[in-house]
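# Observations on the three-dimensional arrangement
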Amino acid sequence: MRIRDLIAVDGLRLTLLSDQSHLDRRFTGAHITDLPEPGRYLSGGELVLTGLTWHRGPGDSARFVGALAKAGVAALAAGRALLGHVPGDLVEACREHDLPLLDVPEEVSFRALSEVVEARLGIGGAADLRGALGRHRRIVAAVAEGTGLDELFTVIAQELGITGAVVSASGAVVAGRLEEDLPALLAREYLSAPRLPHLVRTPRGPFTLFAVDRSHRAAGWALVLGSDLLDHADTGFELAACVALQRGRTEEGRRVERRLAEELIGLAITGSGSGPELAARLRTCGIGPEEPYAVVTAAVVRPGATDGPDAATLGGQVLEELLDRRIVAARGADGAVALVPLRIMGAEARAMTADSAGEIASDLGLSTQIDRDRGPRVRSAAESMHIHPQVRAQVHGQMQSHVQALVHAIRERVTALSAGMPRAQVAIGVSAWLTGATGIRGGAEEAGHARRLAEARGGGVVTSDEIYTHALLLATVPAEVRRSFSDRILVPLFAYDRRHRSELVRTLDVFLECAGSWNNCAERLHVHVNTVRYRIRRVEELTGRDLGSMADRVDLFLALRAN
């Protein structure tokens, strides 16, 4: 059939957007696709029908048309239902590849086109083709109308009879429904699969996993379809493109929020913003002047990786997913930074205001002196004020419990993510609770130190409580220096233990943990106290250190921890 003949059909109102010489180009059938790179599913000679769900920028048009040209497609028909027009970059890409391009009006369905093609070409299985095109058209129309992901899966179940869901890399269900134990299993399979789509067989039946977009898997989404679709992967790819479109729409709005957060954090860290300006920007970012929050920093280090996002960018993407996209992360020099309001934990997080302090004091049966003439204002737990110390301790304890809940939630998901991607080191630092814009700078420093300590440990989640110890000092020392310091002191002990199959190193470690108590050390090691005394003497002889000296004890303790 020639393109000229198709355009001449009454009622279709097709328009040729390419060169007039294309009118005599022939095609052998119709194929519908919205895959970004559909070449492997094309045999050549087809008229390709597309709803443009894959289109997000000029580069997408060049890639899509390039794949069609390589596959030998005869022509392309682009529907207006989603975008309302045919993008100019698509017209240009078709011109460069000498590919005929037809404009399909919004009111003309692909089903009408398929019926014409079937009738003119006598294609077998016309009913199946008609049905497939009609179902696809309804799904694309739902996406074009802005249907949410949960509603989209309802449409998919009605039209295709397939249950579906979207799962994040950490095992959170983004949309759809899955049995309680399935999300974590499917997320692990998604992260570890050598390639996608990937079939997972479970006691509840088979599930096929598709990547939603080109995001790094650590921050990506997996489309989960409750069927074995490896032989019909084009269906999964089409649905994944629909989900990717929805994710892209949401991301457009988040880019604005991310820019606002970057500006606020940048001004706070550099000290170039005034107090009132920072307070106003904090409110713009959705955090009230008295609302408690924590600063969280993240980086994902991929040793040996030469492509993909850097540690800070990927860290921000992962952090947003770990917290179910309820926050945005601003990219920093060596890690992403996010201000996390404690209310996202579903807790009744209260700021230390005059009113809340009065309520707590009343609960405790205490009297307080509060300057109510000045009105409620933010008060930190450490601030000197006319409030009973027990009230301050109560409020501080409440806020810390909210921070601990935040840390627990992040740590659980980081553990799941790290199990699926052992080569990636997810390092996250969390500050203490804060209020007001003036706390951002100190909170960012705290969280940054905590994150660097996590990186030194090979990944994980570290809180500000953990950095005010010797661990922070060791983390700031280069690894080669730590090893050299440890070796100079401990190598004689390790050598002695290897030769004599003894336990001098372990005995020293336990002895220091027991604060130099001979009896407690003997109990922990299940040996006689004289054995401990003998071993410690050998340690002193081999290292030249005196365990009766506090300075020497500190050296030995740090050598053990540095090792």
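Being a predicted model, the structure only gives us computed values, none of them experimental. (Residues numbered from 1 in each chain as written. Predicted model: local features only at pLDDT ≥ 70, side-chain atom pairs only at ≥ 80, totals over all residues. Heavy atoms only, no water.)

Turning our attention to the sheet that holds strand β6 (residues 164-168). Reading across from one edge, β7-β6-β10-β9-β8 is the order of the five strands in this open sheet, with antiparallel pairing throughout. Each of the sheet's edge strands pairs with one partner strand only, and the pair in question is β7 (173-176) and β8 (198-202). The average angle at which neighbouring strand axes cross in this sheet is 25°, direction not considered. Examined bridge by bridge, strand β9 (residues 205-211) and strand β10 (residues 221-225) share four bridges and lie antiparallel to one another. Across the sheet, Phe210 pairs through a bridge with Leu223, a residue of β10. (Pairing = 2+ DSSP bridges. Helix = DSSP H or I, 4+ residues; strand = E, 2+ residues; numbered from the N terminus. Axes fitted to C-alpha atoms, helices over the stretch in contact; angles between N-to-C directions.)

All right, on to helix α13 (residues 440-456) then. Counted at 1.5 Å a residue, the expected span for α13 with its 17 residues is 24 Å, and the 24 Å between its end C-alpha atoms agrees. Those residues of α13 that sit buried are Ile440, Gly443, Ala444, Glu446, Ala447, Gly448, Ala450, Arg451, Leu453 and Ala454. Just beyond α13, the residue with positive phi is Gly458, at close to 90°. (Expected span 1.5 Å × (residues − 1). Buried < 20%, exposed > 50% of the residue type's maximum accessible area, 1.4 Å probe, protein only.)

It is the contact of helix α8 (residues 233-270) with α13, at a shortest axis distance of 8 Å, that shows an interaxial angle of 90°. What the angle tells us is that α8 and α13 run roughly perpendicular. Contacts between α8 and α13 involve Leu264, Ala268 and Ile269 on the former and, on the latter, Ile440, Arg441 and Ala444. Per-class residue counts for the contact of α8 with α13 are five nonpolar, no polar and one charged. (Parallel < 35°, antiparallel > 145°, perpendicular 65-115°, else oblique. Contact = heavy atoms within 4.5 Å. Nonpolar A, V, L, I, M, F, W, Y, C, P; charged D, E, K, R; others polar.)

This part takes up the pattern of salt bridges. On inspection of all chains with the given rule, the structure shows 36 salt bridges. Linking Asp228 and Arg201 is a salt bridge whose minimum nitrogen-to-oxygen distance equals 3.5 Å. Note that Asp228 is positioned in the loop between β10 and α8 and Arg201 in strand β8, a separation of 27 residues in sequence. The partly exposed category is assigned to Asp228, whose relative accessible area is 33%. Classification of Arg201 by relative accessible area gives exposed; the value is 61%. In the salt-bridge network here, residues are joined through shared partners; they are Arg2, Arg4, Asp5 and Asp24. (Salt bridge = Lys/Arg side-chain N within 4 Å of Asp/Glu carboxyl O.)

Right, let's get into the pairing of β8. Summarising burial for β8: four of the five residues are buried, a large majority. Sheet topology note: the β8/β9 ladder contains five bridges and is antiparallel. Bridge pairing in β9 links Thr202 to Gly205. What sits between the antiparallel neighbours β8 and β9 is a turn of two residues.

Here we take up the environment of Leu209. With respect to the element layout, Leu209 can be found in strand β9. What makes Leu209 buried here is its relative accessible area of 0%. Measuring from C-alpha to C-alpha, the distance between Leu209 and Leu223 comes to 5.6 Å, with 14 residues separating the pair along the chain.

Let us now look at the packing of helix α6 (residues 149-160) against α8. For any two helices packed against each other, the geometry is given by the interaxial angle and the distance between the axes. For the pair α6 and α8, the least separation of the axes is 11 Å and the interaxial angle reads 160°. By the criterion of interaxial angle, the relationship of α6 to α8 is roughly antiparallel. For α6 against α8, the interelement crossing comes out right-handed. Here Leu149, Leu152, Phe153, Ile156 and Leu160 of α6 come into contact with α8, specifically with Thr235, Leu239, Cys242, Val243 and Gln246. Among the residues making up the contact of α6 with α8, the classes are represented as eight nonpolar, two polar and no charged. (Left-handed = near helix turned anticlockwise from the far one by under 90°.)

By size, the foremost hydrophobic cluster in this structure holds 44 residues, and its most contacted members are Val318, Leu319, Leu406, Ile410, Ile428 and Val430. When residues of this core are assigned to their parent elements, the largest contribution, seven residues, is made by helix α12 (residues 389-420). Ignoring any residue separated from it by four or fewer positions in sequence, one finds Ile410 in contact with Val296, Leu322, Leu323, Ile428 and Val461. (Core = buried A, V, L, I, M, F, W, Y, C linked by side-chain atoms within 4.5 Å.)

Relative to the assigned elements, Thr208 resides in strand β9. Reaching out from Thr208, the side chain makes a polar contact with the backbone nitrogen of Leu229 at a distance of 3.0 Å. Residues contacting Thr208, with those up to four places away along its chain left out, are Pro197, His198, Leu199, Leu223, Val224, Leu225, Ser227, Asp228, Leu229 and Leu230. (Polar contact = N/O pair within 3.5 Å; in protein donor to acceptor, adjacent residues only side chain to side chain.)

A word on the packing of aromatic side chains. The geometry of an aromatic ring pair is captured by the separation of the ring centres together with the interplanar angle, meaning the angle of the planes. For the structure shown, the criterion picks out three aromatic pairs. Pairing Trp54 with Phe64 gives two aromatic rings, centres 4.1 Å apart and planes at 15°, and the pair type is stacked. Of this pair, Trp54 sits in the loop between β3 (46-50) and α2 (58-71) while Phe64 is found in helix α2, placing the two residues 10 residues apart along the sequence. Here Trp54 matches Phe64 in class, with each residue buried. (Phe/Tyr/Trp six-rings, centres within 6.5 Å; stacked < 30°, edge-to-face > 60°.)

Bringing unusual backbone geometry into the picture now. Among all residues except glycine, the phi angle is most often negative; among peptide bonds, the trans geometry is most common. In this chain, Leu196 is followed by Pro197 through a cis amide linkage whose omega measures 5°. Checked against the element boundaries, Pro197 lands in the loop between α7 (182-192) and β8.

Taken in spatial order, the five strands make up an open sheet running β12-β13-β11-β14-β15, and their pairing is mixed. The two strands at the open ends of the sheet, each matched to only one other strand, are β12 (330-331) and β15 (460-463). Pairing analysis gives two bridges linking β12 to strand β13 (residues 336-341), with the strands arranged antiparallel. The residue of β13 that forms the bridge with Arg331 is Ala336. Against the sheet, α13 makes contact with β11 (293-301), β13, β14 (425-430) and β15, and its axis sits at roughly 35° relative to β11, the strand it touches most.

Within the element layout of this structure, Thr507 appears in helix α17 (residues 504-513). For Thr507, the side chain forms a polar contact with the side chain of Arg535, separated by 3.0 Å. Setting aside residues no more than four positions away along its own chain, Thr507 makes contact with Cys521, Leu525, Arg535 and Ile536.

Looking at the chain, pLDDT values average 82 and 84% of them are 70 or higher. Scored below 50 in pLDDT, residues 123-130 makes 10 contacts in the model with residues more than four places away or belonging to other chains. Across residues 347-386, where pLDDT falls below 50, the model places 77 contacts with residues more than four positions away in sequence or in other chains. (pLDDT = per-residue confidence, 0-100.)

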